[in-house]
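Below are the chains, spelled out letter by letter.
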Amino acid sequence: MKKSHPVRRVVLATAATVSGVVLLLSLKPASDPNAQAAGAAPQATQAAQESPQGGSSATGNGTIDGNVVQTEYGNVQVRLTVANGKITKAEAIQAPKGGTSDQKTALSIPKLAQETVAAQSAKIDSVSGATYTSNGYKQSLQSALDKMKSSAGSSRSGASPSQGAGAPSQGGGGSGSQAGGSGSSGAAQAKTVTGAAAQTQYGPVQVRITVSNGKITKAEAVQAPKGGLSDQKTALAVPKLNQEAVAAGSAKIDSVSGATYTSGGYKQSLQSALDQAGG
C-alpha cells in the first residue's frame with residue numbers, strides 16, 4: 001500500500017474544519033429572527049393599545065365645516081363647534097350678501113344657529129322669508145353632522161377593543177345599574193326656569209332657559225320690546241343673545257350692536273333665571 005502524502009492530509013483536515021465552521025455559522029442566525037420577533041411583539045402590542053386612545057381623544061372636540069351649498073342668492077356654509085360629541089355653537093361662515101340678502105341673512109342665520117344647538121340635528125324649521133338661505137343652511141349643516149358622525153364612529157371602532165377587555169372585570173350587573181341610574185338622574189335634572197322681567201326704555205324683557213345636567217340647552221325671550229323699530233331690533237338681537245347664552249352657559253355675553261337696551265334687559269333676566277337654577 002502507498003502511504004498518504006503529508007500535504008494531502010493537511011488539505012483534507014483543513015477542508016473538514018472549514019466545512020464544520022460553515023455549518024455552525026449557518027445554524028446560528030436562525031435563532032436571531034425568533035429573538036427579534038419575540039422582542040418586537042410586546043412593542044407591537046403596546047402600540048396597538050395606545051392607538052385607540054389617541055384616536056378617541058382626537059375626535060368629539062373641535063370645529064367641523066359643512067359643504068358649501070349653492071343657493072339662488074349665494075353660497076351657504078355652516079361651521080359647527082363640537083365638545084364631547086355635542087354641538088355647542090353653530091355659525092354660517094358663508095351666507096348670501098348684497099341688497100335684501102343682507103337683511104334676510106341677519107334675520108335668519110342667528111335663528112337657524114340657535115335651533116341647531118337646541119336640536120343637535122338638521123331637523124330645524126326654515127325661517128319665514130328666507131327659504132333659500134334656510135334650505136342651504138340645513139344642507140350644509142347635515143353634511144357637517146355626517147362628518148361628525150363618521151369621525152365619532154371611527155373613534156368608537158378603534159376604542160371598543162380596549163374598553164371591551166376591561167368591561168368583564170367590572171361586573172355586568174353593577175355597570176348596568178349605574179347606567180340606568182345616571183340616565184334617570186339626567187332626566188330628573190332637566191328643567192325650565194323663567195327669569196324676572198327686566199324693564200327697559202322700550203319695554204320689558206324676560207328670558208326663559210332650559211337647563212339639563214347643569215347646562216343651558218335652550219334660551220328664549222318670552223317678553224321683548226315690540227312696535228315700530230323695536231320689532232326689527234328684537235328680531236335681530238334676541239336670536240343672537242339666545243345663541244350666546246347657550247354657548248357661554250352664563251350671562252356674561254356681549255350686547256348686540258344697535259340693541260343696547262334690549263341686550264341689557266336680556267342679560268339681567270338671564271342672570272335671574274340662572275340664579276333660580278343655581279347656576
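Calculation notes
- Residues numbered from 1 in each chain as written.
- Predicted model: local features only at pLDDT ≥ 70, side-chain atom pairs only at ≥ 80, totals over all residues.
- Heavy atoms only, no water.
- Helix = DSSP H or I, 4+ residues; strand = E, 2+ residues; numbered from the N terminus.
- Buried < 20%, exposed > 50% of the residue type's maximum accessible area, 1.4 Å probe, protein only.
- Areas by Shrake-Rupley, 256 points an atom, 1.4 Å probe, with all protein chains shown as cover.
- Contact = heavy atoms within 4.5 Å.
- Core = buried A, V, L, I, M, F, W, Y, C linked by side-chain atoms within 4.5 Å.
- Salt bridge = Lys/Arg side-chain N within 4 Å of Asp/Glu carboxyl O.
- Phe/Tyr/Trp six-rings, centres within 6.5 Å; stacked < 30°, edge-to-face > 60°.
- 1 Å grid on protein atoms, 1.4 Å probe; cavity = no way out; pocket = protein on both sides within 12 Å on 5 of 7 lines; lining within 4 Å.
- Points joined across faces, edges and corners; volume = space filled by probe spheres on them.
- Nonpolar A, V, L, I, M, F, W, Y, C, P; charged D, E, K, R; others polar.
- Pairing = 2+ DSSP bridges.
- pLDDT = per-residue confidence, 0-100.

1. Quick word on the overall build of the protein
Part 1: Along the backbone of the protein there are seven helices and eight strands.
Part 2: Within the protein, buried positions represent 29% of all 279 residues.
Part 3: In the structure as shown, the protein presents an accessible area of about 16700 Å², 54% of it carried by carbon and sulfur atoms.

2. Overview of the side chain of Thr-116
Part 1: Within the secondary structure, Thr-116 is located in helix H3 (residues 100-119).
Part 2: Using a relative accessible area of 0% as the deciding quantity, one classes Thr-116 as buried.
Part 3: Not counting residues up to four positions away in its chain, the partners in contact with Thr-116 are Leu-80, Ile-87, Ala-90, Ser-121, Ile-124, Tyr-137 and Leu-141.

3. Quick notes on the nonpolar core
Part 1: Ranked by internal contacts, the top residues of the largest apolar core, which has 39 residues, are Leu-80, Tyr-137, Leu-141, Leu-145, Ile-209, Tyr-266 and Leu-270.
Part 2: Among the secondary structure elements, those contributing two or more residues to this core are strand S3 (74-83), strand S4 (86-94), H3, helix H4 (131-170), strand S7 (203-212), strand S8 (215-223), helix H6 (229-248) and helix H7 (260-277).
Part 3: Counting residues per element, this core draws most heavily on H4, at five residues.
Part 4: Non-local contacts of Tyr-266, meaning those with residues more than four positions away in its chain, are made with Val-205, Val-207, Ala-219, Ala-221, Leu-241, Asn-242, Ala-245 and Ile-253.

4. Examining the pattern of salt bridges
Where side chains of opposite charge bring their charged atoms close, a pairing between them can arise.
Part 1: On inspection of all chains with the given rule, the structure shows one salt bridge.
Part 2: Asp-65 serves as the salt-bridge partner of Arg-79, at 2.6 Å between the closest nitrogen and oxygen. With Arg-79 in strand S3 and Asp-65 in strand S1 (residues 62-65), this residue pair connects regions lying 14 residues apart in the sequence.
Part 3: Overall, Arg-79 belongs to the partly exposed group, its relative accessible area being 28%.

5. Description of the packing of aromatic side chains
Part 1: Counted by the stated rule, this structure contains two aromatic pairs.
Part 2: Between Tyr-73 and Tyr-132, the aromatic rings sit 5.5 Å apart at their centres with planes inclined by 65 degrees, giving edge-to-face as the arrangement. Here the residue Tyr-73 occupies a position in the loop between strand S2 (69-71) and S3, and Tyr-132 occupies one in helix H4, the gap between them amounting to 59 residues.
Part 3: Note on Tyr-73: relative accessible area 44%, which makes it partly exposed.

6. Considerations on the layout of surface pockets
Part 1: Estimated volume of the largest pocket: approximately 560 Å³.
Part 2: In terms of lining residues, the largest pocket is bounded by 23 residues, among which Ser-212, Lys-215, Ile-216, Thr-217 and Val-246 are the most central.
Part 3: For the lining of the largest pocket, the elements supplying multiple residues, two or more each, are S4, H3, S7, S8, H6 and H7.
Part 4: Residue classes in the lining of the largest pocket are distributed as ten nonpolar, ten polar and three charged.
Part 5: Considering only enclosed or pocket space, the second largest pocket measures out at about 300 Å³ in volume.
Part 6: Taken together, 19 residues line the second largest pocket, and the ones lying closest to its centre are Glu-91, Pro-110, Lys-240, Gln-243 and Glu-244.
Part 7: Elements with a minimum of two residues in the lining of the second largest pocket: S4, H3 and H6.
Part 8: The leading source of residues in the lining of the second largest pocket is S4, at six residues.

7. What to know about the pairing of S7
Part 1: In this sheet, S7 lies alongside strand S5 (residues 191-194) in antiparallel orientation, the contact comprising four bridges. Across the sheet, residue Thr-192 finds its bridge partner in S7, namely Thr-210.
Part 2: Relative to S7, strand S6 (residues 198-200) runs antiparallel, the two being bridged by three bridges. Paired with Gln-199 across the strands is Pro-204, a residue of S7.
Part 3: What sits between S6 and S7 in their antiparallel hairpin is a turn of two residues.
Part 4: Note: S7 against S8, seven bridges, orientation antiparallel.

8. Describing the confidence of the model for the protein
Part 1: When pLDDT is averaged across the protein, the result is 76; 67% of the residues are at 70 or more.
Part 2: Summarising per-element confidence for the protein, the mean pLDDT is lowest in helix H2 (residues 31-58) (39) and highest in S3 (93).
Part 3: For the stretch residues 160-187, pLDDT sits under 50, and the model shows three contacts to residues farther than four places along the chain or on other chains.

9. Regarding the environment of Ala-122
Part 1: Looking at where Ala-122 falls in the secondary structure, it is placed in the loop between H3 and H4.
Part 2: When the C-alpha atoms of Ala-122 and Leu-141 are compared, they prove to be 6.1 Å apart, with 19 residues separating the residues in sequence.

10. What to know about unusual backbone geometry
Part 1: A positive phi angle, near 60 degrees, is found at Gln-120, a position not held by glycine.
Part 2: By the element assignment, Gln-120 lies in the loop between H3 and H4.
Part 3: Although it is not a glycine, Asn-213 adopts a positive phi angle of roughly 55 degrees.
Part 4: Tracing the chain through its elements places Asn-213 in the loop between S7 and S8.

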